[in-house]
Amino acid sequence: MRMLTGALLLVGAEQAFAHAHLVQFPNHIEARTVLMPASGALLVAGVVMLFWGLLTENRKAPSGPAGSP
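Criteria and cut-off values
Residues numbered from 1 in each chain as written. Predicted model: local features only at pLDDT ≥ 70, side-chain atom pairs only at ≥ 80, totals over all residues. Heavy atoms only, no water. Helix = DSSP H or I, 4+ residues; strand = E, 2+ residues; numbered from the N terminus. Buried < 20%, exposed > 50% of the residue type's maximum accessible area, 1.4 Å probe, protein only. Contact = heavy atoms within 4.5 Å. Areas by Shrake-Rupley, 256 points an atom, 1.4 Å probe, with all protein chains shown as cover. Polar contact = N/O pair within 3.5 Å; in protein donor to acceptor, adjacent residues only side chain to side chain. Salt bridge = Lys/Arg side-chain N within 4 Å of Asp/Glu carboxyl O. Axes fitted to C-alpha atoms, helices over the stretch in contact; angles between N-to-C directions. Parallel < 35°, antiparallel > 145°, perpendicular 65-115°, else oblique. Left-handed = near helix turned anticlockwise from the far one by under 90°. Nonpolar A, V, L, I, M, F, W, Y, C, P; charged D, E, K, R; others polar. Expected span 1.5 Å × (residues − 1). Arc of directions from axis to C-beta.

**Student:** Sorry, what's going on with the overall build of the chain here?
**Tutor:** Along its length, the chain carries two helices and zero strands. In the chain, which comprises 69 residues, the proportion classed as buried is 13%. Considering only contacts within the chain whose residues lie at least 6 apart along the sequence, 72% involve residues at least 24 apart. Total accessible area on the chain is roughly 5400 Å²; 72% of this is exposed by carbon and sulfur atoms.

**Student:** Would you mind going over the side chain of Ser39 with me for this structure?
**Tutor:** Among the secondary structure elements, Ser39 is positioned in helix α2 (residues 28-56). Engagement of the side chain of Ser39 in a polar contact is seen with the backbone oxygen of Ala13, the distance being 3.0 Å.

**Student:** Whenever I open this one, the pattern of salt bridges confuses me. Can you help?
**Tutor:** Note on pairing: side chains with opposite charge can pair once their charged atoms come close. Enumeration according to the criterion identifies one salt bridge in this entry. The partner of Arg2 in a salt bridge is Glu57, with the nearest N and O atoms 3.7 Å apart. Within this pair, whereas Arg2 is found in helix α1 (residues 2-22), its partner Glu57 is found in the segment after α2, the two being separated by 55 residues in sequence. Residue classification places Arg2 among the partly exposed positions, given a relative accessible area of 29%.

**Student:** Looking at this structure, how should I read the packing of α1 against α2?
**Tutor:** The axes of two packed helices give the description: the angle between them and the distance between them. As a packed pair, α1 and α2 sit with axes 7 Å apart at the nearest point and diverge in direction by 160°. Comparing the axis directions of α1 and α2 gives the class roughly antiparallel. The handedness of the crossing between α1 and α2 comes out as left-handed. Residues of the contact of α1 with α2, tallied by class, amount to 18 nonpolar, nine polar and two charged.

**Student:** I keep staring at α1 and nothing clicks. Help me out?
**Tutor:** Residues separated by three or four positions in an α-helix point in the same direction, a consequence of the helix having 3.6 residues per turn. Compared with an ideal rise of 1.5 Å per residue, which puts 21 residues at 30 Å, α1 spans 30 Å between its outermost C-alpha atoms and is within 8% of the ideal. All of the buried residues in α1 are Gly6, Ala13, Ala16 and Ala20. An end-on view of α1 places all buried positions within 80° of arc, on one side of the element. Pointing more than 90 degrees away from the buried face of α1 are the exposed residues Leu8 and Leu22. For α1, the elements touching its buried residues are α2.

Geometry only, nothing functional implied.
The following block contains the structure:
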C-alpha cells in the first residue's frame, strides 16, 4: 500500500509541475508560487513513501517444502 501511495504522490507531483507551466498569462505568477513548491513537496513525499514501501512490503517465500503448513 505504501508503494501505491508513493506512486500516486509522484503522479500528483508531475501534474502540479505540468500545470505550473501550463497556466496562462494573468495568473501564471500566482500559480507557479503555489504549484512549484507543492510539486516539490509531493515529489519528496512520493519518493519517501515509495522507498519505504520497497523496504517494508517485500513478501518472503515460505521456507518449508511445498504443502507443509
